[in-house]
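Examination of the molecular architecture
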Amino acid sequence: MKTPTRNAPRAPLLKPAKGGLPVYLDPQSEREASRYDHPILSREGLLAFLGEQGELLNAERIAELLAYRDAYRQEALTKRLSAMVRDGQLLVNRRGGYGLATKLDLIAGTVIANPDGFGFLRPDAGGEDLFIPPYEMRAVMHGDRVLVNVTGHDRRGRQEAAIAEVLERRRPRLVGRFDERAGVGIVIPDDRRLHQDVLIPPGQQLAARPGQIVVAEVTEPPSREHPPIGKVVAVLGEKLSASLIVRVAMESHGLPTEWASAVVQEAEQIAPAVSASEQAGREDIRQLPLVTIDGEDARDFDDAIYCARSPAGYRLLVAIADVSHYVRPGSKLDAEAFERATSVYFPGFVVPMLPETLSNGICSLNPQVERLCMVCDMQVNRHGEVQKSRFYPALMRSHARLTYTRVWQALGEQDAETCAALGSLLPQLQTLHALYQVMAKARTARGAIDFDSKEVKFKLGAAGEVLALQPEARNDAHRLVEECMIAANVEAAKFLSKAKVPAPYRVHAPPPAEKYQDLLDFLREFKLRLPAHAEVKPGDFSKLIRQVRERPEAMLLQSVLLRSQSMAVYQPECLGHFGLALSAYAHFTSPIRRYPDLLVHRAIRHVLAGGNATDYVYSAHDMQSHALHCSQRERRADEAEREVDDRYQCAWMSKHVGSEFDGIVAGVTSFGLFVQIADTGVSGLVHVTQLPNDYYHFDPARRELAGERRGLRFRLGDALRVQVLRASMEERKVDLRLVGVDRESEPPELPSRSGAAKSGSRQPVATKRTSIHPVSGKPKAKRKRSR
């Protein structure tokens, strides 16, 4: 992905003004004039203007050169320059001079910290991460946006960076445990990536006692001279309980907990039913038996489908809730939706992107009520390929709210009672299933990667305790809906790419080279192969997944293959989707819960109305900024959801201390084995002290832990029987021990290097302590620079 400055327009044209002062002609003047009563030079224009200068200029000098004499334009210029500094396009020096970040060889990005004190810069423009050494990390925290200089290369050949400027500090709040040391209050962050404790000055601890879980707010960020300083703003409790898990995650990740009154008022002003005036200019498809198919616990329904046979194959309609009709640019609703950017889903609880009056009401395709929608109407041939499509706004009525379970009972199990209950809808579902089967063949033919994953579902009690944990397998009901959504997403991307209107595309790049090499090393232990990085295609992954599907360690192998992939992001360029083996892809089908989908809807509506890029409300730079923001918010949601799932897994395992399970060795290290427990998604550590008594030697090349005396060998993929020893929600760790193998008497303790016995040591490992990555198996030093 290119930075805005690399895509900057040619320098503004210069023409003399009456009084001799120059006037710069803005290539985006029409757009700026449509948005502001007193327009100033656009971001693109300012980048080109400053690029022409041979020196850094302060705001006063820029205003003078641009002939901005009135206070309004001068203030607008100052605000725009500040925003460009915040976004990493410009840098301002200590004398107030503004210059292009790219001309100063600076790279903007987000700090990704490691618990060991070092970190990485994830560049806004994409590409390889840059290593940030511990000394530089002292002045920043995980999540800060910064500008860096490249200073050289680290020992692994990666670029090393020094921080030049902090553009934007991470959210100030964090969750941790309060403590006192030498009379000074501190908060030890729960997130281990926040590698510095927060100092709490006297009088700022809010009556917190040592050991309590608190919410702290950083009031003074860290510097190279001192750690972060803050205050306690809430005391959550004495210890982490299951009922606090979601609250802690929301506070830790800065998720919103309430709606602003202005947002609620706007939402309440929207009529709960479709009016006659809103129906004008829309195609009426109420007679078509569109249905929604979702999980049993779904409460908002943003997509409905209809399928019928046609002379050339099939007609497929994907109707999506027309959120863009209700949430308009510039509204309080839109500002809040943009800030949230995505709904966040926890077990039994949702942090929605839109207020429930919209997400569960007028914007939800509830059954037997009229709703506004945006339709992707496709003609699909008998080979499962979309031949043509068109988009249009419509008026619809969902004829049924179906679940994956009911649809599968009818189509897969052919349950007579379910089929009878579906009545006239059954033939359409059968046609839809037939369409899915040919689309699935087309998907296989193009080589799309199909990870046959199982989603783990938690059943919670009234107090938030975990009552059950059960994996939910996917079936054709899930897959047929997914294929319909993918088809509509592809057509949306093609439509917007052809129209050349700014929009966010969903981009998934091939696996990073380093991750891919780790994967090749891992697969070699199972006598499996993939092509070289430069030659690998999605179909190679698909072929490998089919090859291992029936193996005992299939779940482990698929998990490692998945983790080797790049992270999908939003970008303003249509660069394709590696995993789906598609050249064009966007998100069109979930505007209730994803802001990029809402942006795609707005772009489509703009084109349908005869608009183009020059008269669109969003510029190319706006879209780049929005895409980055949405990608960051998506990562925040993923991290919060993963944290909650991990802790609920630990809560569930804590109820099974002493229980035994079957598992697969997922990682081998010098200090023990990481074991993935079958059908749960839970992983735990069998420490070397919980193995049968022996002197164990770790072979990093073979990813093997071998006993010297008894000849026991443990390798990746081995099937083991384990017992749960301990599960900690706070540490998100599960400790296991090996069962089914006799334990012998303890060997004598090894002396320490000083000659004295090490107190409490039970690890009879006679080799140098070298650990490996639990997935890749690559050797790493004690302070390996990895995430």
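Residues numbered from 1 in each chain as written. Predicted model: local features only at pLDDT ≥ 70, side-chain atom pairs only at ≥ 80, totals over all residues. Heavy atoms only, no water.

Summing up its helical and strand segments, the protein has 19 helices and 37 strands in all. Taking the principal axes of the C-alpha coordinates as reference, the protein spans close to 95 × 75 × 55 Å. The proportion of buried residues among the 787 residues of the protein is 52%. Excluding contacts between residues fewer than 6 apart, the proportion of contacts in the protein whose partners are at least 24 apart in sequence is 66%. (Helix = DSSP H or I, 4+ residues; strand = E, 2+ residues; numbered from the N terminus. Buried < 20%, exposed > 50% of the residue type's maximum accessible area, 1.4 Å probe, protein only. Contact = heavy atoms within 4.5 Å.)

Along the chain, Arg 170 falls in the loop between β9 (159-168) and β10 (173-181). Buried within the structure, Arg 170 lacks any salt-bridge partner; Asp 191 is the closest side chain of opposite charge, at an N-O distance of 5.4 Å. Among the polar contacts made by the side chain of Arg 170, one reaches the main-chain carbonyl oxygen of Arg 173 at a distance of 3.3 Å. The contact partners of Arg 170, leaving out residues within four places of it in the chain, are Met 141, His 142, Gly 143, Asp 144, Leu 194 and Ser 252. (Lys, Arg positive; Asp, Glu negative; His and termini not counted. Salt bridge = Lys/Arg side-chain N within 4 Å of Asp/Glu carboxyl O. Polar contact = N/O pair within 3.5 Å; in protein donor to acceptor, adjacent residues only side chain to side chain.)

Turning next to the packing of helix α6 (residues 245-252) against helix α19 (residues 620-654). Helix-helix packing is characterised by the crossing angle of the two axes and by the distance between the axes. At a closest axis distance of 9 Å, the pairing of α6 and α19 adopts a crossing angle of 150 degrees. Overall, the two elements α6 and α19 adopt an arrangement that is roughly antiparallel. In the crossing of α6 with α19, the sense of the turn from one axis to the other is right-handed. Facing α6, whose interface residues are Ile 245, Val 246, Val 248, Ala 249 and Ser 252, α19 presents Ala 640, Glu 643, Val 644, Arg 647 and Tyr 648. Looking at the contact of α6 with α19 residue by residue, the classes come out as 7 nonpolar, 1 polar and 2 charged. (Axes fitted to C-alpha atoms, helices over the stretch in contact; angles between N-to-C directions. Parallel < 35°, antiparallel > 145°, perpendicular 65-115°, else oblique. Left-handed = near helix turned anticlockwise from the far one by under 90°. Nonpolar A, V, L, I, M, F, W, Y, C, P; charged D, E, K, R; others polar.)

Our next topic: the sheet that holds strand β30 (residues 683-687). One closed barrel accounts for 5 strands, arranged β28-β29-β30-β35-β34; its pairing is mixed. Between one strand axis and the next, the sheet turns by 50 degrees as a mean value, whatever way the strands run. Across 5 bridges, the pairing between strand β28 (residues 660-669) and strand β34 (residues 719-728) is antiparallel. Residue pairing in the sheet places Ile 664 in a bridge with Ala 719 of β34. The strands touched by α19 within the sheet are β28, β29 (672-677), β34 and β35 (733-738), with β34 carrying the most contacts at an inclination of about 100 degrees. (Pairing = 2+ DSSP bridges.)

If you walk through the whole model with that rule in mind, you get 14 aromatic pairs. On the basis of an interplanar angle of 55 degrees and a centroid distance of 5.3 Å, the ring pair of Phe 391 and Phe 495 is categorised as tilted. One end of the pair, Phe 391, is in strand β22 (residues 386-397); the other, Phe 495, is in helix α14 (residues 476-499), and 104 residues separate them in sequence. Put simply, the rings of Phe 118, Phe 120 and Phe 131 touch in pairs and so form one group of aromatic residues. Across from the ring centre of Trp 259, 3.5 Å away, lies the NZ or CZ of Arg 340, which sits over that ring. Sitting over the face of the ring of Tyr 570, Arg 506 holds its NZ or CZ atom 4.5 Å from the ring centroid. (Phe/Tyr/Trp six-rings, centres within 6.5 Å; stacked < 30°, edge-to-face > 60°. Lys NZ or Arg CZ within 6 Å of the ring centre and 35° of its normal.)

With 16 residues, helix α4 (residues 71-86) should reach 22 Å at 1.5 Å per residue; the first-to-last C-alpha distance of 23 Å fits that figure. Taken as a whole, α4 has its buried residues at Leu 77, Arg 80, Leu 81, Ala 83, Met 84 and Val 85. Against α1 (29-35), α2 (43-52), α3 (59-65), β3 (90-92), β4 (98-100) and β9 lie the buried residues of α4. Gly 88 sits one or two positions beyond α4 and adopts a positive phi of about 85 degrees. (Expected span 1.5 Å × (residues − 1).)

Where strand β15 (residues 283-284) and β22 come together, 2 bridges link them in parallel fashion. Note that in β22 the partner of Asp 284 across the bridge is Leu 395. Examined bridge by bridge, strand β21 (residues 370-381) and β22 share 11 bridges and lie antiparallel to one another. Looking at the pairing, Val 375 lines up with Tyr 392 of β22. Taking the residues between adjacent antiparallel strands as the criterion, β21 and β22 are bridged by 4 residues, where Gly 384 takes a positive phi near 80 degrees.

Right, let's talk about empty space enclosed by the protein for a bit. Under the definition given, this model contains 2 cavities of 30 Å³ or more. Its volume calculated, the second largest cavity comes out at about 30 Å³. If you go around the second largest cavity, the residues you meet are Arg 171, Leu 174, Val 175, Asp 191, Leu 194 and Ser 252. Broken down by class, the residue content of the lining of the second largest cavity amounts to 3 nonpolar, 1 polar and 2 charged. (1 Å grid on protein atoms, 1.4 Å probe; cavity = no way out; pocket = protein on both sides within 12 Å on 5 of 7 lines; lining within 4 Å. Points joined across faces, edges and corners; volume = space filled by probe spheres on them.)

The side chains of a regular strand alternate between the sheet's two faces. In this sheet, strand β25 (residues 466-472) lies alongside strand β24 (residues 455-460) in antiparallel orientation, the contact comprising 6 bridges. Bridging from a neighbouring strand, Leu 460 pairs with Val 466 of β25. Linking β24 to β25, which pair antiparallel, is a turn of 5 residues; within it Gly 464 sits at a positive phi near 90 degrees.

Here we take up the confidence of the model for the protein. Per-chain confidence: the protein averages 87 in pLDDT, with 91% of residues scoring 70 or above. For residues 1-22, every residue scores under 50 in pLDDT, and the model assigns this stretch 48 contacts once sequence neighbours within four places are set aside. In this model, residues 745-787 is a region of pLDDT below 50 whose contacts with residues beyond four sequence positions or in other chains number 104 contacts. (pLDDT = per-residue confidence, 0-100.)

Okay, the sheet that holds strand β32 (residues 704-707) next. Within a sheet, adjacent strands bond to each other through the backbone by hydrogen bonds, running parallel or antiparallel. Spatially, β31-β32-β33 is the arrangement adopted by the 3 strands of the open sheet, whose pairing is antiparallel. Looking at which strands have only one partner, the edges of the open sheet turn out to be β31 (696-699) and β33 (713-715). Averaged over all pairs of adjacent strands, the angle between strand axes in this sheet comes to 15 degrees, irrespective of strand direction.

If you look at the biggest cluster of nonpolar residues, it comprises 95 residues, and the most contacted ones within it are Ile 285, Ile 293, Leu 358 and Phe 588. Ranked by residue count, the leading element in this core is α14, at 10 residues. Leu 358 has contacts with Ala 267, Ile 270, Tyr 326, Val 327, Leu 333, Cys 363 and Ser 364, leaving out every residue within four places of it along the chain. Listed in part, the 73 residues of the second largest apolar core include Phe 458, Val 466, Tyr 648 and Tyr 696. (Core = buried A, V, L, I, M, F, W, Y, C linked by side-chain atoms within 4.5 Å.)

Okay, the environment of Pro 427 next. Looking at where Pro 427 falls in the secondary structure, it is placed in helix α13 (residues 426-446). For the pair Pro 427 and Cys 307, spaced 120 residues apart in sequence, the C-alpha separation works out to 9.7 Å.

In this section: unusual backbone geometry. If you check the backbone angles, Leu 206 has positive phi at about 55 degrees while not being a glycine. By the element assignment, Leu 206 lies in the loop between β12 (198-200) and β13 (213-220).

Structurally, the position occupied by Met 555 is in helix α17 (residues 554-563). Not counting the four nearest positions on each side in its chain, Met 555 is found in contact with Gln 676, Asp 679 and Gly 681.

This part is about the pattern of salt bridges. One pass over the structure, following the stated rule, counts 44 salt bridges. Among the salt bridges present, the one from Asp 190 reaches Arg 647, with a minimum N-O distance of 2.5 Å. You can see Asp 190 sitting in the loop between β11 (184-189) and β12 and its partner Arg 647 sitting in helix α19, a full 457 residues away along the chain. Between Arg 715 and Glu 704 there is a salt bridge whose closest N-O contact spans 3.8 Å. Here the residue Arg 715 occupies a position in strand β33, and Glu 704 occupies one in strand β32, the gap between them amounting to 11 residues. In this structure Arg 715 comes out as partly exposed when scored by relative accessible area, which is 25%. Given the relative accessible area of 5%, Glu 704 is considered buried.

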